[in-house]
Amino acid sequence: MSGDLVKVRDLAVRFVSRDRTVHAVRGVDFDLAAGEVLCILGESGSGKSVTLRALMRLNPAARTLMEGTVQVAGRDVVAASEREMEEIRGSLVSMVFQEPMTALDPVFTIGQQIGETVMRHEGLSKAEARKRALELLDLVQIPSAERRLAAYPHELSGGLRQRAMIAIALSCRPKLLLADEPTTALDATVQIQILLLLRRLQQELGMGVIFVTHDLGVAGEIADRIAVMYAGRFVEEGSVREVMRKARHPYTQGLLGATVHEGMRGKRLVTIAGAPPNLETPPGGMPPDICAFAPRCERADAACEQGVPALDGAFGTHRARCIHQIAEAVTC
Amino acid sequence: MLITILRRILYALPIALAVSLFCFALVHIAPGDPINAILPPDAPADVVDAVRKTYGLDKPLPVQFGIWLWKVLQGDLGKSLATGRDIWPDLSGALQNTLTLALAAAMIGFPIGIVLGSLAGAFRGTWIDRACVGTAVAGVSVPHYWLGMVMVVIFSVTLNWLPSMGASQDGSGGWSLDWEHLQHLVLPAITLSVIPMGIVTRTLRGIIGEILGQDFITTLRGKGLRRPGVVVHVIKNAAPQALSVMGLQLGYLMGGSILVETVFAWPGTGLLLNNAIFQRDIPVLQSTILVLAMFFVALNLAVDMAQSLIDPRMRRA
Amino acid sequence: MADPLLDPVPDLGGPAQPLLLVQNLSRHFGKKGSVVRAVDGVSFAVKKGETLGIVGESGCGKSTTSRLIMGLIEPSGGEVIFDGEHVGPGGMPLSVYRRQVQMVFQDSYASLNPRLTIGESIGFAPRVHGLSREATDARVRDLLAAVGLAPDQFARRYPHELSGGQRQRVNIARALALRPRLIILDEPVSALDKSVEAQVLNLLVDLKAEFDLSYLFISHDLNVVQFIADRVLVMYLGQVVEIGPVEALYREAAHPYTAALLASRPSMDPDLRRTTPPLTGDPPNPVNPPSGCRFHPRCAVVQRGCDIHVPPLADVSSGHLAACVRVGAA
Ligand SMILES: Nc1ncnc2c1ncn2[C@@H]1O[C@H](COP(=O)(O)OP(=O)(O)O)[C@@H](O)[C@H]1O
Ligand SMILES: Nc1ncnc2c1ncn2[C@@H]1O[C@H](COP(=O)(O)OP(=O)(O)O)[C@@H](O)[C@H]1O
Ligand SMILES: [Mg+2]
Ligand SMILES: [Mg+2]
């Protein structure tokens, strides 16, 4: 593993308020090489968005406790001052969100919202910023770009809004692009267009991308590597082929079996019994930390309750956080 | 954009017409013959007829309304029953005084409200929030006249720093920007400003809090914008709602200062209205209400236009 | 059982009679100048015991169609026939019809009254229809058990105390409370996580057999529809462009739009990644739809005349119809 763009070690994020503490991320390690696409796959509440925001330190500062090591292009995100973070955000790292309607400011034009980023980071003049904004709209294939510069978000369709959002994120040629379910709110016909666009831009610009999704199909279209997240931890990590075809962790296997796809008609869908654990500190303090999936796992036994299994690298780059892991061919 | 503005004006016209119709009807819905409002009940019949003619009261109502409206548009509001003088000169003087007082109160109350509200919204749940909200609640709940009297007792009677009555020393109607006039303005303006201050604080707290919780704020931070850059966005998003509250409050300040004007003997429309009511001076009452209501309509129109200027989503309908 | 409420309304027309027949249904919104033709002359049938799936991009009129069938909004034209009888004035009274057709929505939270317990929500309709308190309680327990929620644990809880998947089970139980014969499901699993989606889909399959139901299943997810539907209807801009048995339609889509929809599904296999998008641009708006075939501006195989002639639904094979000139010609 070459961790030359992103290096994350033992990342933990907690949200602390007067009456409760949420342990949203509980120890995440990974590396990302330049030009690589990592998909973080998991169900809602597993900590995907929090992990992503932690890479830019965008979680609400007042309530967030962040521990561990996060380095992006050699810069220490955990220790950096707010000033340094403001320099990094939008230039070195930038982010695309799930809902382009709410993620864009409704009372500023698309042109202004692209322009302010380049004016901020590259000190361009208004006219130069406008020119760059135009180029960017062309880059993300927005037709009649000139007219769209003056448009407000509500005047664009969902697909165009997300393209505009991508244009903003790419405006200062970031080395790392973070995408938080950028196609979830879109129709399948538009989703595939956005995925292809992101893949093309990623290759052309040589960016590293961390792409969060709950959709295995989306991960299959765009990922080089997949990390499966469950209850605040990565439970499996490997190349897209390894994870999709030879999933090792019982949770990943369950997820693959539960995802409806071609040729499942008439069969019974695999389901995972139970529900993910609550990540709040219960009144009696945190219980002993064990395999978070054990309560729902068919393979679980007493050994599973002896601490958290390591993300085991016995199979090279394909690792799973399970002491009973077996390579299982899951047909897709 | 021009079309939007024209359309707003078009929408405001029927409202203005309805308001003037109401003011016109004031005289006629008052019990009895409107002539009784003008003449003593025991006036001889030929006098009644003559007056009826001069006031046009023998014509059908719609025609009367038309004539009345036409005169009003030319600034002819008729004569006061109590003084027999033309209404307009007196009313315009009073209006100027009320406007002066209202604007002064707004210039005190709105900025304080904006600052307190923004602080409370930005620091929700902290002691800053609680302090700002506490001030706002106090401002809204303290009775006007009580606060006015307390201020008079402290600053006029005890300390003898500021005058307690009228708009100027000599009681002349005019107003100009000098200390002689300003010192008369201080106490009533402060008294009048506390309620709008409280209301603006509370509203802005809500607006700012909501805006700061929205997704696009995360986007802006994610773009690396510094605090001033983000603030520009917050202001533009908050402005439409904030403007509408302040417009409404300014309207209340114009119409709602009766008590304060009475306490401080401020020669404004409030005082005028007060006297008109006690003297059953229906024409003055009618004219004052009409002018104040028109002011309200115009204010709303201005706020509406400012809002659609700022928020593109409001430009359609 | 003496209580008529405990039994479903008996079958009238026999198995060959379609349970639901929709004829030329239309609904236009808005006023002159900018009419939204949300649903524009839609006809189809739901046979007894089958699941008909409806697919199409957002805004194509799926939800409006379902609300028209439920009688929640007035149609601009067309009629609904249930088990051989016209629904509405002069035919089957709405009250009788509504007992037999129920609906489940995408937003599991918004469709439950937050102030009623789960048990009260499910028992509400039976109580209104005059079922005794004891019988209602018994039915609520049966239904909760049927949708896989332990009655003792859940009957007294409130909607906010449940997860999305559990709430959707409650909505399904509530839809079953009057023993309907047809359930309209409008994106019932779209807001759920994959593993929960699988549970709910399994449940729907089980309930259909247990309660002898027919489904009208609306979804934008073609994989889900393929899993659950017997026949599939494809909508585009308020109109039916293709309808047919699920195998035939997925194997050989006759309409270029259906083909594009199918090709837009992300593949789970990284070796089968797409390189070009099947469709460009966003779903168009049903205000002022294109002339002729409404799909022609986005169509990859558009021919001369597509912008003039409106293609009728023509047979592709038995029971499989598509509205495309290429079908009529071939
Ligand atoms: N700002 C916050 N304050 C408190 N809890 C939060 C906050 N953001 C996220 N959480 C909690 O952290 C957990 C993980 O959230 P998230 O990363 O958004 O999940 P997802 O995998 O769906 O993106 C959830 O339980 C969520 O409620
Ligand atoms: N009440 C309404 N008023 C105006 N337009 C509506 C209304 N309901 C739906 N529409 C419009 O009708 C079209 C179809 O909507 P809908 O049936 O909800 O589509 P779908 O469920 O397929 O996404 C959309 O363009 C939508 O904007
Ligand atoms: Mg998320
Ligand atoms: Mg819908």
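What counts and how
- Residues numbered from 1 in each chain as written.
- Chains lettered and ligands numbered in written order.
- Predicted model: local features only at pLDDT ≥ 70, side-chain atom pairs only at ≥ 80, totals over all residues.
- Heavy atoms only, no water.
- Helix = DSSP H or I, 4+ residues; strand = E, 2+ residues; numbered from the N terminus.
- Rg over C-alpha atoms; globule rule 2.2 N^0.38 Å.
- Buried < 20%, exposed > 50% of the residue type's maximum accessible area, 1.4 Å probe, protein only.
- Contact = heavy atoms within 4.5 Å.
- Areas by Shrake-Rupley, 256 points an atom, 1.4 Å probe, with all protein chains shown as cover.
- Near = heavy atom within 4 Å.
- Polar contact = N/O pair within 3.5 Å; in protein donor to acceptor, adjacent residues only side chain to side chain.
- Nonpolar A, V, L, I, M, F, W, Y, C, P; charged D, E, K, R; others polar.
- Pairing = 2+ DSSP bridges.
- Axes fitted to C-alpha atoms, helices over the stretch in contact; angles between N-to-C directions.
- Expected span 1.5 Å × (residues − 1).
- Buried area = accessible area lost by both parts, 1.4 Å probe.
- Salt bridge = Lys/Arg side-chain N within 4 Å of Asp/Glu carboxyl O.
- Patch = residues over 30% accessible without salt bridge, like charges linked within 9 Å, V, L, I, M, F, W, Y side chains within 5 Å.
- Domains from an automatic or database assignment.

A. Structural view of the overall build of chain C. When helices and strands are counted, chain C shows 11 helices and 12 strands. Taking 330 residues into account, the globule formula puts the C-alpha radius of gyration at 20 Å, and chain C, at 21 Å, falls close to it. Overall, the C-alpha framework of chain C stretches about 70 × 55 × 40 Å when taken along its three principal axes. Evaluated residue by residue, chain C yields a buried proportion of 53% over its 330 residues.

B. Molecular detail of the overall build of chain B. When its secondary structure is counted, chain B shows 13 helices and 0 strands. The order of α-helices and β-strands along chain B, N terminus first, is α-α-α-α-α-α-α-α-α-α-α-α-α. Each principal axis of the C-alpha distribution contributes one length, and for chain B these read about 85 × 55 × 35 Å. Taking all 317 residues of chain B together, 43% fall into the buried category. Look at the contacts in chain B between residues 6 or more apart in sequence, and 71% of them connect residues 24 or more apart. Put simply, chain B shows about 16,400 Å² of open surface, and 70% of that area lies on carbon and sulfur atoms.

C. Just the site of ligand 2, in detail. All names here are of chain C. Taken together, the neighbourhood of ligand 2 is formed by F29, V36, A38, E57, S58, G59, C60, G61, K62, S63, T64 and P286. Within the backbone of C60, a nitrogen or oxygen atom sits 3.3 Å from an oxygen atom of ligand 2. T64 places a side-chain nitrogen or oxygen 2.5 Å from an oxygen atom of ligand 2. Protein contact buries 63% of the 560 Å² of open area that ligand 2 shows by itself. Counting residues per element, the ones that place at least two in the shell around ligand 2 are β2 (36–46) and α1 (62–70). Of the residues forming the shell around ligand 2, the biggest block, 3 residues, is contributed by α1. Tallied by class, the residues present in the shell around ligand 2 amount to 5 nonpolar, 5 polar and 2 charged.

D. Representation of the sheet that holds β2 of chain C within the structure. All names here are of chain C. Judged by pairing direction, the sheet is antiparallel, and its 4 strands sit side by side in the order β2-β1-β4-β5 without closing on themselves. On the outer flanks of this sheet lie β2 and β5 (85–86), each paired with one strand and no other. Strand direction decides the pairing type here: strand β4 (residues 77–82) and β5, joined by 2 bridges, are antiparallel. Considered in β5, the bridge of I81 is made with H86. In the packing of α1 onto the sheet, the strands contacted are β1 (20–29), β2 and β4, and the crossing angle to β1 comes to about 115°.

E. Layout of the site of ligand 1. All names here are of chain A. Not every one of the 14 residues close to ligand 1 is listed here, only the nearest: G45, G47, K48, S49 and V50. Take G45: an N or O atom from its main chain is 2.7 Å from an oxygen atom of ligand 1. Summarising the interface, the protein chains cover 72% of the accessible area of ligand 1, which totals 560 Å² for the free molecule. At the level of secondary structure, the elements contributing two or more residues to the shell around ligand 1 comprise β2 (21–32) and α1 (48–56). When residues of the shell around ligand 1 are assigned to their parent elements, the largest contribution, 4 residues, is made by α1. Residues that form the shell around ligand 1 fall into these classes: 5 nonpolar, 5 polar and 4 charged.

F. Quick peek at the side chain of D40 of chain C. All names here are of chain C. Position of D40 relative to the elements: it lies in strand β2. A polar side-chain atom of D40 sits 2.6 Å from a polar atom in the side chain of R294. Beyond its immediate chain neighbours, meaning those up to four positions away, D40 contacts L25, S26, H28, G238, Q239 and R294.

G. Expanded view of the environment of L301 of chain B. Residues and elements named next belong to chain B. Among the structural elements, L301 can be located in helix α13 (residues 282–310). Look at L301 and you get buried, because its relative accessible area is 18%. In this structure the C-alpha to C-alpha distance between L301 and H233, which are 68 residues apart in sequence, comes to 25 Å. When near neighbours in sequence (up to four residues on either side) are disregarded, L301 contacts R8, I9 and A12.

H. View of the sheet that holds strand β7 (residues 182–186) of chain C. All names here are of chain C. The strand order β6-β7-β8-β3-β9-β10-β12-β11 describes an open sheet built from 8 strands, whose pairing is mixed. A single partner strand is all that each edge strand has here, and the edge strands are β6 (101–104) and β11 (314–317). For this sheet the average axis-to-axis angle between neighbouring strands, irrespective of direction, equals 20°. Where strand β3 (residues 51–55) and strand β9 (residues 231–236) come together, 4 bridges link them in parallel fashion.

I. Broad picture of helix α6 (residues 164–176) of chain C. All names here are of chain C. The end-to-end C-alpha distance of α6, which contains 13 residues, comes to 19 Å, matching closely the 18 Å that a straight helix rising 1.5 Å per residue would cover. Counting buried positions along α6 gives 10 out of 13 residues, so the element sits mostly inside the fold. All of the buried residues along α6 are G165, R167, Q168, R169, V170, N171, I172, A173, A175 and L176. Its buried side turned inward, α6 meets β6, α3 (118–128), α4 (133–146), β7 and α7 (194–211).

J. Structural view of the interface of chain B and chain A. With 22 residues of chain B at the interface, the matching set in chain A holds 29 residues. Both sides of the chain B and chain A interface together cover about 2,200 Å² of buried area, and 54% of this is carbon and sulfur. The largest per-residue losses of area from chain B upon contact with chain A belong to R221, K223 and R226 of chain B, which jointly make up 30% of the total buried on that side. Linking chain B with chain A are 3 salt bridges, by the criterion used here.

K. Quick peek at the interface of chain A and chain C. Across the boundary between the two partners, chain A contributes 45 residues, which contact 42 residues of chain C. Of the roughly 3,600 Å² buried between chain A and chain C on both sides combined, carbon and sulfur atoms contribute 51%. On the chain A side of the interface with chain C, the three residues burying the most area are T189, V260 and R265 of chain A, jointly 18% of the side's total. A salt bridge links D206 of chain C to R268 of chain A; the nearest nitrogen and oxygen atoms lie 2.8 Å apart. The interface formed by chain A and chain C holds 24 residue pairs in polar contact (both at pLDDT 80 or more) in total. Of all the elements in the fold, those that place two or more residues in the side of chain A that touches chain C are α7 (158–170), α8 (188–205), α9 (216–222), α10 (240–245) and α11 (250–258) of chain A. Residue contributions to the side of chain A that touches chain C peak at 8 residues, all from α8 of chain A. Its residues placed into classes, the side of chain A that touches chain C shows 20 nonpolar, 14 polar and 11 charged.

L. Molecular detail of the environment of A298 of chain B. In this fold, A298 of chain B is placed in helix α13. On a C-alpha basis, the gap between A298 of chain B and L13 of chain B in space is 10.0 Å, while along the polypeptide they are 285 residues apart.

M. Fine view of a nonpolar patch on the surface. Residues and elements named next belong to chain B. Taken together, the side chains of L2, L6, I9, L10 and L13 make up a nonpolar region of the molecular surface, amounting to roughly 520 Å² of accessible area. Looking at the element boundaries, L6 is found in helix α1 (residues 2–29). Relative accessible area serves as the criterion here: at 52%, L6 is assigned to the exposed category.

N. Just unusual backbone geometry, in detail. If you check the backbone angles, E181 of chain A has positive phi at about 45° while not being a glycine. Note that E181 of chain A resides in the loop between β7 (176–180) and α8. Of the residues examined, E181 of chain A reaches a relative accessible area of 9% and is grouped as buried. Of note in this structure, L237 of chain C is not a glycine but carries a positive phi near 45°. For L237 of chain C, the location among the structural elements is in the loop between β9 and β10 (239–245). A relative accessible area of 3% places L237 of chain C in the buried class.

O. How the structure looks around the pairing of β1 of chain C. Here 5 bridges tie β1 of chain C to β4 of chain C, and the two strands are oriented antiparallel to one another. What sits directly across from S26 of chain C, in β4 of chain C, is G77 of chain C.

P. A look at α7 of chain A. Residue and element names in this part refer to chain A. Taking 1.5 Å per residue as the helical rise, α7 with its 13 residues ought to reach 18 Å, and the 19 Å between its terminal C-alpha atoms agrees with that figure. By the criterion of burial, α7 is predominantly enclosed, with 12 of the 13 residues buried. Every buried residue of α7 is accounted for by G159, L160, R161, Q162, R163, A164, M165, I166, A167, I168, A169 and L170.

Q. Just the arrangement of the chains, in detail. Contacts are most numerous, across the 2 pairs of chains in contact, for chains A and C. Contact between chain B and chain C is absent, and the minimum C-alpha spacing across the pair is 14 Å.

R. Region of interest: the domain arrangement of chain B. Here chain B is described as being made up of domain 1 (15–73) and domain 2 (88–279). One C-alpha centre belongs to domain 1 of chain B, the other to domain 2 of chain B, and the line joining them spans 38 Å.

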